[in-house]
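Residue-level listing of the chains:
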Amino acid sequence: MNKKPFIQVAGVIDLDEAKMLMDLGVEYLGFPLRLPVNKEDLSEEEAIQVIKQIKPQHKAVLITYLDKADEIIEFCNKLNVNHVQLHGAIEVDQLILLKQKRTDLIIIKSLVVRNNNLGELKNSLLTLSPFVDFFITDTFDPSTGASGATGKTHDWNISKKLINLSSKPVIIAGGLNHKNVKDAILHTHPAGVDVHTGIEDSNGRKDFTLTNLFIKETTEAFESMKEN
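The rules behind each value
- Residues numbered from 1 in each chain as written.
- Predicted model: local features only at pLDDT ≥ 70, side-chain atom pairs only at ≥ 80, totals over all residues.
- Heavy atoms only, no water.
- Core = buried A, V, L, I, M, F, W, Y, C linked by side-chain atoms within 4.5 Å.
- Buried < 20%, exposed > 50% of the residue type's maximum accessible area, 1.4 Å probe, protein only.
- Helix = DSSP H or I, 4+ residues; strand = E, 2+ residues; numbered from the N terminus.
- Contact = heavy atoms within 4.5 Å.
- Pairing = 2+ DSSP bridges.
- Right-handed = clockwise from strand over helix to strand, strands pointing away.
- Polar contact = N/O pair within 3.5 Å; in protein donor to acceptor, adjacent residues only side chain to side chain.
- Axes fitted to C-alpha atoms, helices over the stretch in contact; angles between N-to-C directions.
- Arc of directions from axis to C-beta.
- Parallel < 35°, antiparallel > 145°, perpendicular 65-115°, else oblique.
- Nonpolar A, V, L, I, M, F, W, Y, C, P; charged D, E, K, R; others polar.

Q: Would you mind showing me how to read the nonpolar core here?
A: Taken as a class, soluble globular proteins show a tendency for nonpolar side chains to be buried jointly. Counting residues in each nonpolar core, the largest one holds 61 residues, and the members touching the most others are L29, F31, L79 and L98. With six residues, helix α3 (residues 69–79) is the single largest residue contributor to this core. Those residues in contact with L29 that lie beyond four places of it in its chain are V9, V12, A18, L21, M22, I54, K59, A60 and V61. A10, F134, I171 and A173 belong to the second-largest nonpolar core, a separate cluster that totals eleven residues.

Q: Can you help me understand the pairing of strand β5 (residues 106–113) in this one?
A: Consecutive side chains along a regular strand alternate between the two faces of the sheet. A large share of β5 lies buried, amounting to eight of its eight residues. Residues I106, I108, S110 and V112 line one face of β5 and the alternating positions I107, K109, L111 and V113 line the opposite face, and both faces are buried. Two elements, strand β4 (residues 83–86) and β5, share four bridges in a ladder whose sense is parallel. Across the sheet, residue L86 finds its bridge partner in β5, namely K109. Remark: the β4/helix α4 (residues 92–101)/β5 crossover connection has right-handed handedness. Pairing geometry for β5 and strand β6 (residues 134–139), over six bridges, is parallel. In the sheet register, K109 faces β6, and the bridge partner there is F135. Viewed along the sheet, the connection from β5 through helix α5 (residues 118–128) into β6 turns out right-handed.

Q: Where do I start with the environment of D104 in this structure?
A: With respect to the helices, strands and loops of the structure, D104 is situated in the loop between α4 and β5. D104 gets classed as partly exposed once you look at its relative accessible area, which sits at 39%. Separated by 2.7 Å, the side chains of D104 and R102 make a polar contact.

Q: I would appreciate a short explanation of the sheet that holds strand β3 (residues 59–64) in the present structure.
A: Two pairing modes exist for strands in a sheet, parallel and antiparallel, and in both the strands are linked by backbone hydrogen bonds. Read around the closed barrel, the eight strands follow the order β1-β2-β3-β4-β5-β6-β7-β8; overall the barrel is parallel. On average, each strand axis in the sheet is tilted by 25° relative to the strand beside it, whichever way the strands run. Alignment of β6 against strand β7 (residues 170–172), held across three bridges, turns out to be parallel. Directly across from T137, in β7, lies its bridge partner I172. Lying on the sheet, helix α6 (residues 156–165) is in contact with β5, β6 and β7; it crosses β7 at an angle near 165°.

Q: Even after reading the chapter, I still don't get α5, so can you show me in this structure?
A: One full turn of an α-helix is made of 3.6 residues, so residues set three or four places apart face in the same direction. Every buried residue belonging to α5 is among L118, L121, L125 and L128, and all of these are buried. The arc that holds every buried residue of α5, seen down its axis, measures 110°, which confines them to one face. In α5, the exposed residues that point more than 90 degrees away from the buried face are E120, N123 and L126. On its buried face, α5 is in contact with α4, β5, β6 and α6.

Q: Please clarify how the packing of helix α2 (residues 44–52) against α3 should be interpreted in this entry.
A: Axis angle and axis distance: for two packed helices, these are the angle between their axes and the distance between the axes, and together they describe the pair. Taken N-terminus to C-terminus, the directions of α2 and α3 make an angle of 55°; their axes are 9 Å apart at the nearest point. If you check the angle between α2 and α3, you find them oblique. In this structure, α2 contributes E44, E45, A47, I48 and I51 to the contact, and α3 contributes F75, K78 and L79. In the contact of α2 with α3, the residues fall into five nonpolar, no polar and three charged.

Written out as structure tokens, the structure reads:
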């Protein structure tokens, strides 16, 4: 894939927001749909219409908890996307089927950090590595049961250990914003970053200034990482 850092903004609300993100240079736009806990930011039909307007140099990413290969393929086909972030548990045989039936599909698999689950995350990483293209770390919120868009950070040392162990690129997520993203990148040396609530205003929309600052801090951190 691309040699540029993976910068994804998740939770696109509508076409205006998508256009703002693309104008600011965000390459990956995430659409969380069919979620067990969090409310969807837009309907599936609305997502289809927004995705139709995404420029070729940008990528729409389906973020979902679906765990059956055929359902995932059907949904990717419906949305017309070839990037999918699998945020729930999924069996290896389903990942294998997914890769066999949609060879063009780029699969991002979440590694959700909870209390004392580093051993479990290491096992998942080693078991699933042959069948995914990226991993993404995120933070579990025990108060809501959500494992994404929680606005909560986790111990970056855990992400760092997973990044060092992984044979596949690892994206970091979980409570990132323009104030902490540079430190997180320089500490963990990830392949990319994902942000959702950390650049939203009080109305839950992506804020132009916060997004711009996030991209600036992210870009500077990755440039600094290259130099060192």
